[in-house]
Amino acid sequence: MMDGVGLVVVGFGIGGGLAWIVLTMIYAGSAGEQASGSAMARLRRIALNNELILNAAGEGIFGLDREQRITFFNAAASRLTGLGEAQVVGQPVAVVVGAVATLLSRPLPAGAAAQAATVEADLPQANGPSLPVELSVSPILEKQALTGWVVICRDLRERRQAEESQRLATAVLEWSAQPILVTDLAHVIVMVNPALSWLSGYAPEALIGQPAALLGARDGEHPLPADLGETLQREGVWRGEVWNRRPDGSLYAVWLNITRIGDARHQGGHYVAFFFDITERKRQEQHLLLAAHYDPLTGLPNRRLFQEHLASALARSPGRLALMLIDLDGFKAVNDTAGHDAGDAVLVAVASRMRSVVRAGDLVARLGGDEFVVVLEPADPAAARRAAQSIIQEVSRPIPFRGQACQVSASIGIALAPAAMREASELLEAADAAMYGVKRAGKHGYRFHGGGAPEEANATLNGAFGEGLGDEGALGEGALGEGAFGGASPTPEISQSQGRETVRAGEASPQEASS
């Protein structure tokens, strides 16, 4: 310190404000005017303590007198500039930190004399490149008189790096082709990038502040996964498939990867969601599924799906199921005379007509070629008979094709599953045998195959099913009434062939003839 000066007024920043250490400037006069030795010792201890405090501060602190000469320079200021205190004390601040002199040369607004002025500047270093710093200059007033200034110099390198990282992260978010969404822990959207906006069809302003569930399909067919919220809460990560809906109503599928970001104690933070559009993949999967289970020409279930359905139906409805195997009569002639396009048109028309006369819960499938099957569940003999009559009636109607009419008919074999039957192949073989019996008997009709003991299989229609044909109860009229399979249909005289009955369209069964 200079002779005669005991202490100076200094200040330094702590956190966002200034905590001032005020040391009164004391000028020492003559020996007779100086305080006692004990008082001076006390002042020296105070000065030493404050010097230690100033040098322990992490920010550069230095003082100026009224002539803007440097009066003190703490250790942090020396580290930032590369200059020792002995090199700068007494020097004009303009020589050491020119930005401070520039700041002090600016006129202060009225009433701002006691306020700090702040500026960001590049601080020259004695042995290296300049550093980005924030300079805060505060006046020192004693009895409203200006006696100097305190300058606080904060190193901005970490803050600039954080700002650059933030700027880079924002640029990545903005320019990324990956749709990204950020929510708070209450799942309210706080940020979206343009890719997410493009994928979802929502403008950013329509999403910010809204719950993330707004993006969902919001229907019963595509609910959000039940484990999403619980897993996020427990593990902080969730991955899975989600169906979302755009404002225009169109659906799209995404693989969603959600991660929680926050402090180590999970006291705060956000959820960041990455969206991977898998709509096209799901379409391809659906296409493959359709190709594997549906006939591409008619749109009906194919043999594979039929077999799966029949096996399930046998387990689900034992003793209450009918299988009808249908082969078209005259289809080869259509192909040979009118061509394969006409044949395809006939198959499509037949498929549509069959679906129109069975219930929504019954299955119509195409096994291949001109062979179809119908699974009636539940069903009894009377119901199966009405269905067969309606199908024959519909299939036999002319089918228009390019100005001409194509006509086919149907031979139908019917097998009713006994309660003990569990093998789908047995039931299909029984229906197949009955269908070929119709073919041998002259086609264009239907035949039941007995499902009991061998002798019952060769009995007459009445003998095979007893009073079942006459029972128009719950499974007959109630489940498959006349409305389900059309009105009253032709009922023939029953002809006998190898012990089984073949009913041809246009004839009447004994029961119907006597009624």
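Residues numbered from 1 in each chain as written. Predicted model: local features only at pLDDT ≥ 70, side-chain atom pairs only at ≥ 80, totals over all residues. Heavy atoms only, no water.

**Let's talk about the overall build of the chain**
Operational definition: Under the DSSP-based scheme used, a helix requires at least four consecutive residues in state H or I and a strand at least two consecutive residues in state E, with every element numbered from the N terminus. Throughout this description, buried means an accessible area under 20% of the type-specific maximum (1.4 Å probe, protein chains only), exposed means over 50%, and partly exposed covers the range between. When checking whether two residues touch, look at their non-hydrogen atoms; a contact exists if any pair is within 4.5 Å. Computed with a 1.4 Å probe, the accessible areas rest on the Shrake-Rupley method; for each residue, only the protein chains presented here act as cover.
Helix and strand content of the chain: 19 helices and 21 strands. Across the 515 residues that make up the chain, the buried fraction comes to 43%. Nonlocal contacts in the chain, meaning residues at least 24 apart in sequence, comprise 54% of its contacts between residues at least 6 apart. Surface exposure of the chain reaches about 26,500 Å², of which carbon and sulfur atoms provide 55%.

**A few points about the sheet that holds strand S6 (residues 128-142)**
Where we set the bar: Here a strand pair is declared whenever DSSP counts at least two bridges between the two strands. As a rule, the C-alpha atoms of each element are fitted with a line to give its axis, helices using only the stretch in contact, and angles between N-to-C directions run from 0 to 180 degrees.
Spatially, S4-S3-S7-S6-S5 is the arrangement adopted by the five strands of the open sheet, whose pairing is antiparallel. In this open sheet, the two strands that pair with only one neighbour each are strand S4 (70-73) and strand S5 (117-125). Averaged over all adjacent pairs, the angle separating strand axes in this sheet is 30 degrees, with direction ignored. Across six bridges, strand S3 (residues 60-65) lies against strand S7 (residues 145-155) in antiparallel orientation. Each residue of the ladder has a partner; that of Ile61, found in S7, is Ile152. Sheet contacts for helix H5 (residues 98-105): S3, S5, S6 and S7; angle to S6, the most-contacted strand, approximately 40 degrees. Each of S5, S6 and S7 touches helix H6 (residues 157-175); the most contacted strand, S6, lies at about 120 degrees to it.

**Observations regarding the confidence of the model for the chain**
Note that predicted coordinates carrying low pLDDT should not be read in detail. So the rule is basically this: For every residue, the pLDDT score states the predictor's confidence, bounded by 0 at the bottom and 100 at the top.
A residue-level look at the chain finds 77% of positions with pLDDT of 70 or above and a mean pLDDT of 79. Confidence drops under pLDDT 50 across residues 1-33; counting only partners more than four residues distant or on other chains, this segment forms 61 contacts. Note on residues 451-501: pLDDT under 50 across the span, and 107 contacts to partners over four residues away in sequence or across chains.

**A word on unusual backbone geometry**
Where the residue is not glycine, phi is negative for most of them; where a peptide bond is considered, it is trans in most cases. With an omega dihedral of -5 degrees, the bond running from Glu377 to Pro378 counts as a cis peptide bond. Mapping Pro378 onto the fold places it in the loop between strand S15 (371-376) and helix H14 (381-395). With a phi angle near 50 degrees, Arg402 is a residue other than glycine that sits in the positive phi range. Looking at where Arg402 falls in the secondary structure, it is placed in the loop between strand S16 (399-401) and strand S17 (404-406). Unusually for a residue other than glycine, Lys443 sits at a positive phi of about 70 degrees. By the element assignment, Lys443 lies in the loop between helix H15 (424-440) and strand S19 (445-449). Judged by relative accessible area, Lys443 falls into the partly exposed class, the value being 38%.

**Some thoughts on the packing of helix H11 (residues 303-316) against H15**
For any two helices packed against each other, one specifies the inter-axial angle together with the distance between the axes. Test applied: For classification, angles of less than 35 degrees are called roughly parallel, those exceeding 145 degrees roughly antiparallel, those between 65 and 115 degrees roughly perpendicular, and all remaining angles oblique. When residue character is reported, Ala, Val, Leu, Ile, Met, Phe, Trp, Tyr, Cys and Pro are called nonpolar, Asp, Glu, Lys and Arg charged, and the others, Gly included, polar.
One can describe the packing of H11 onto H15 by two numbers: an axis separation of 9 Å at closest approach and a directional angle of 110 degrees. By the angle between their directions, the pair H11 and H15 is classed as roughly perpendicular. Each of Arg303, Phe306, Leu310, Ala311 and Leu314 in H11 lies in contact with H15, whose residues at this interface are Ala424, Leu427 and Leu428. Broken down by class, the residue content of the contact of H11 with H15 amounts to seven nonpolar, no polar and one charged.

**Looking at the sheet that holds strand S12 (residues 270-277)**
Reading across the sheet, the five strands line up as S9-S8-S12-S11-S10 and stay open at both edges, with antiparallel pairing between neighbours. Edge strands, defined here as strands with exactly one partner in the open sheet, are strand S9 (189-192) and strand S10 (237-245). For this sheet, the mean angle separating the axes of adjacent strands, direction not counted, is 25 degrees. Sheet topology places strand S8 (residues 180-184) next to S12; five bridges connect them, and they run antiparallel. Looking across to S12, one finds that Val182 is bridged to Val272. Contacts from helix H9 (residues 228-235) reach S10, strand S11 (251-261) and S12, with the element oriented near 150 degrees to S10.

**Re the environment of Ala345**
Assignment of secondary structure puts Ala345 in helix H13 (residues 340-357). Along the backbone, Ala345 and Phe401 are 56 residues apart, and their C-alpha atoms lie at a distance of 7.2 Å.

**Some thoughts on the environment of Gly299**
Here Gly299 is to be found in the loop between helix H10 (279-293) and H11. Assessed through its relative accessible area of 37%, Gly299 is described here as partly exposed. Sequence separation between Gly299 and Arg366 is 67 residues, and the spatial gap between their C-alpha atoms is 8.9 Å. Beyond its immediate chain neighbours, meaning those up to four positions away, Gly299 contacts Tyr294 and Arg355.

**Focus: the nonpolar core**
Convention followed: Among the buried residues, those of types Ala, Val, Leu, Ile, Met, Phe, Trp, Tyr and Cys that are joined through side-chain atoms within 4.5 Å form a nonpolar core.
Ranked by internal contacts, the top residues of the largest apolar core, which has 37 residues, are Met324, Val350, Phe372, Leu376, Ile391, Ile412 and Ile414. Looking at this core, the elements that each hand over two or more residues are strand S13 (322-329), helix H12 (331-338), H13, S15, H14, S16, strand S18 (409-416) and S19. Ranked by residues supplied to this core, first place goes to H13 with eight residues. Excluding anything up to four places from it in sequence, Val350 contacts Leu328, Phe372, Val395, Ile399 and Val408. Membership of the second largest hydrophobic core comes to 23 residues, among which are Phe62, Ile70, Val100 and Leu135.

**Thoughts on the pattern of salt bridges**
Stated formally: A pairing counts as a salt bridge when a side-chain nitrogen of Lys or Arg comes within 4 Å of a carboxyl oxygen of Asp or Glu.
Enumeration over the complete set of coordinates arrives at 27 salt bridges. Notably, a salt bridge pairs Arg69 with Glu67, separated by 3.6 Å at the nearest N-O pair. The exposure class assigned to Arg69 is partly exposed, which follows from its relative accessible area of 34%.

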